[in-house]
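Results of the structural survey
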Amino acid sequence: MDDRTYTADAEPGDTVTVAGWVHEIRDLGGIAFLILRDTTGKIQVKLEKDEMDDDLVETALDAHRESVVTVTGDVEKEERAPTGVEITPDSVDVVAEADPELPLDPSGKVDADLSTRLDNRTLDLRKDEVKAIFEIRAEVLRAVREQFRELGCTEINTPKIVATGTEGGTELFPITYFGEEAFMNQSPQLFKQLMVGSGLERVFEIGPIFRAEEHNTPRHLNEATSIDFESAFIDHTGAMDACEAVVQAAYEGVEENCQEHLEALDMAEEFSAPEGNFPRLSYEEAIERVNATGELDEQLVWGDDLSTEAEHALGEAVGEHYFVTDWPSEIKPFYIKDHDDDEELSTGFDLMHPSLELVSGGQREHRYEHLIEGFEQQGLEPEAFEYYTKMFRYGMPPHAGWGLGAERLVMTMLGLGNIREAVLFPRDRQRLSP
RNA sequence: GCCCGGGUGGUGUAGUGGCCCAUCAUACGACCCUGUCACGGUCGUGACGCGGGUUCAAAUCCCGCCUCGGGCGCCA
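Keep in mind that what you see is a predicted model, and the values were worked out from it rather than measured. (Residues numbered from 1 in each chain as written. Chains lettered and ligands numbered in written order. Predicted model: local features only at pLDDT ≥ 70, side-chain atom pairs only at ≥ 80, totals over all residues. Heavy atoms only, no water.)

A closer look at helix α10 (residues 368-377)
Formally: Residue burial is assigned from relative accessible area. The probe radius is 1.4 Å, only protein chains are included, and a residue is buried under 20% of its type maximum, exposed over 50%, and partly exposed in between. Strands here are runs of E lasting at least two residues and helices are runs of H or I lasting at least four, both read from the DSSP assignment and numbered beginning at the N terminus. Working definition: the arc comes from the directions between the helix axis and the C-beta atoms, pointing outward to the latter. Two residues qualify as a contact provided that any one of their heavy atoms is within 4.5 Å of a heavy atom in the partner residue.
For α10, the set of buried residues is L371, I372, G374 and F375. Down the axis of α10, the sector holding all buried residues measures 155 degrees, keeping them to one side. Exposed residues lying more than 90 degrees from the buried face of α10 are E369, E376 and Q377. Of the surrounding elements, those touching the buried residues of α10 are α11 (386-389).

Below, the structure written as structure tokens:
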């Protein structure tokens, strides 16, 4: 395959071998066309029955859709061909025959349910618009990584098999680890905190998280990809600055490098990176604004969490990405630090897309005594987390950070109706395979 | 976890008690067609999730199971 030419690179005058899938065969009688598709696009192969070798024509026309073929021949300029060029073949080989009946239609003429598509993801990703989602996802991750490096972060990888969870054992997948009870980690939270106290100071991780919640919604996964950031010597406002930079970098990367894929998704015109800083609403301002919309049957009072309905009302009112800051301490986790001058108020923050929560973060509690108290107040035994807490006795700097759901970022960026669209092989309440 | 709505050829659908040995599109098979680009034309193959019940009669009504989607809770 050394001499294989991508369809997009086939120039008139070249003699090439192209390799790919039979997208379609149009047999007009005396002449027929085989449309060959590879990762770069499609090219038309001309088959003139009277003028070409019978075996060659028969081989080509007998190939089923989606069979893998190689075609060697001369590339010619041809205005009547869809891409302006056409191959006149010297040889056609069927490398891998496809069954005539396909479980879904990669040409996209007939829709398939998401479930059918996920069961046949390989075929599903032969469609340009589906492939585009994952090309864009890859660009998002690339741009995010680059932005983290610009922010002076070191990329880390922390264990996914753990002895204890982050906030208790309620939503963890239990596994057996050489006869011992263990869990799939729900968040790198504790590990990344341990690393800000190390010589690394400022870290990020992009990796899987596992949540055993039995939810069944278009925005939850039981295995998701978390984009995590944590840095020493910054507070929650510094963490929000970093968050803004990373989210914007993701959008900008896609805008700059993915026009073709945006076109495949038919959103090239409307797509634009968010500009400027995201509004930072305090929790108090947020509930006032929600109440002012009059969308809710019952007014929110201080201490209420924002319901899905409230999030939507607020998102519509704000109309762009926004932070919600200064949450009541009681509805944020124990490892989030309270404000020094008001311990009813937490430094926790969320980054919201108008339609969905993307990020949760805050300044962390770095004071040993307060941390131990926090564990006890949550009803957790600090002893179980000694590997974590003891490092707070050996010089843990003030620090802050956040976690961003990669799939949620891609989902909201592309306006996908279901988060499963943003994962190759989603894991949800009823899907464990493929 | 609670609530709601679905499951009909390979795929996507129409059909809400007899008019249905089930509609349409696409795919598949056969034949015709020398410039298609969702090629076109003729003919054909192919389906009511599983189990039980009601009824003279069930794709259609009832029950259970399986399965898919959605809303909420909660969250990334």
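With respect to the protein's contact with RNA strand B
Spelled out, the test is: Nearness here has a simple test: a residue counts as near a molecule or strand if at least one of its heavy atoms is within 4 Å of that partner. Polar contact is defined as a pair of N or O atoms within 3.5 Å, subject to the rule that within protein one atom must be able to donate a hydrogen and the other to accept it, and that residues adjacent in sequence are counted only when both atoms are side-chain atoms. Charged means Asp, Glu, Lys or Arg here, nonpolar means Ala, Val, Leu, Ile, Met, Phe, Trp, Tyr, Cys or Pro, and polar covers whatever is left, Gly included.
Near RNA strand B you find 52 residues, and of these E24, R26, D27, E214 and T308 are the closest. Backbone atoms, meaning sugar plus phosphate, form 57% of the atoms of RNA strand B positioned within 4 Å of the protein. Separating a base nitrogen of RNA strand B from a side-chain N or O atom of E86 is a distance of 2.4 Å. Contact distances for RNA strand B include 2.9 Å between a sugar or linking oxygen and a backbone N or O atom of L102. The set of elements that each furnish at least two residues to the surface near RNA strand B consists of β1 (15-27), β2 (31-38), β3 (41-48), α2 (114-119), α9 (308-318), β17 (356-363) and β18 (399-405). For the surface near RNA strand B, the per-class residue count stands at 15 nonpolar, 17 polar and 20 charged.

What about the packing of aromatic side chains?
Where two aromatic rings form a pair, the distance of their centres and the angle of their planes describe that pair. Cut-off, in case you're wondering: Each aromatic pair joins two rings of Phe, Tyr and Trp (for Trp, the six-membered one) with centres within 6.5 Å, and gets the label stacked for planes under 30 degrees apart, edge-to-face for over 60, and tilted for any other angle. Two conditions define a charge sitting above a ring: the NZ of Lys or the CZ of Arg must be within 6 Å of the ring centre, and it must be within 35 degrees of the ring normal.
Inspection of every chain in the model, using the stated rule, returns 16 aromatic pairs. Look at Y251 and F271: their rings are 5.7 Å apart centre to centre, the planes differ by 20 degrees, and that puts the pair in the stacked class. Taken as a pair, Y251 in helix α6 (residues 236-257) and F271 in the loop between α7 (259-264) and β12 (280-282) lie far apart in primary sequence, 20 residues in all. Its relative accessible area of 6% is what places Y251 among the buried residues. Since its relative accessible area comes to 8%, F271 is described here as buried. The rings of F334, Y335, F375, F385, Y388 and F392 are connected pair by pair, giving a single aromatic cluster. The cationic tip of K332 hangs over the ring face of W327; the distance from NZ or CZ to the ring centre is 4.8 Å.

Notes on the pairing of β2
Where we set the bar: By the convention used here, strands pair only if DSSP detects at least 2 bridges between them.
In terms of residue burial, β2 counts as a mostly covered element, since seven of its eight residues are buried. Summarising the sheet, β1 and β2 pair through six bridges and their orientation is antiparallel. Each residue of the ladder has a partner; that of I25, found in β2, is L34. Where β1 folds back on β2, the antiparallel hairpin that results is connected by three residues, among which G29 adopts a positive phi of roughly 115 degrees. With eight bridges connecting them, β2 and β3 associate as antiparallel partners. Bridge pairing in β3 links I31 to E48. Connecting β2 to the antiparallel partner β3 that follows it, the hairpin turn spans two residues.

Details of the pairing of strand β10 (residues 202-210)
In terms of burial, β10 is a largely internal element, seven of the nine residues being buried. Direction of pairing for strand β6 (residues 154-155) relative to β10: parallel, over a ladder of two bridges. Bridge pairing links E155 to F204 in β10. Sheet analysis places β10 next to strand β11 (residues 223-232), joined by nine bridges and oriented antiparallel. By the bridge assignment, R202 is partnered in β11 with S231.

Concerning the pattern of salt bridges
Rule in force here: In the sections that follow, a salt bridge refers to a side-chain nitrogen of Lys or Arg positioned within 4 Å of a carboxyl oxygen of Asp or Glu.
Tallying each qualifying case throughout the model produces 30 salt bridges. Residue R37 is joined to E66 by a salt bridge in which the shortest nitrogen-to-oxygen separation is 2.8 Å. With R37 in strand β2 and E66 in the loop between α1 (54-62) and β4 (68-77), this pair connects stretches of sequence that are 29 residues apart. Here the two residues R37 and E66 agree in accessibility, since each one is buried. Of the charged contacts, one joins E78 and R80 as a salt bridge, the two residues approaching to 2.9 Å between their closest N and O atoms. On the accessibility criterion, E78 (17% relative accessible area) is buried.

Focus: the nonpolar core
Formally: Only buried residues count toward a nonpolar core. Its members are Ala, Val, Leu, Ile, Met, Phe, Trp, Tyr and Cys residues joined through side-chain atoms within 4.5 Å.
Counting 53 residues, the largest nonpolar core has W402 and L414 as its most contacted members. Of all the secondary-structure elements, those providing two or more residues to this core are α4 (128-150), β10, β11, α6, β16 (349-353), β17, β18 and α12 (406-414). One finds L36, M52, L56 and V85 within the second-largest nonpolar core, a separate group that totals 21 residues.

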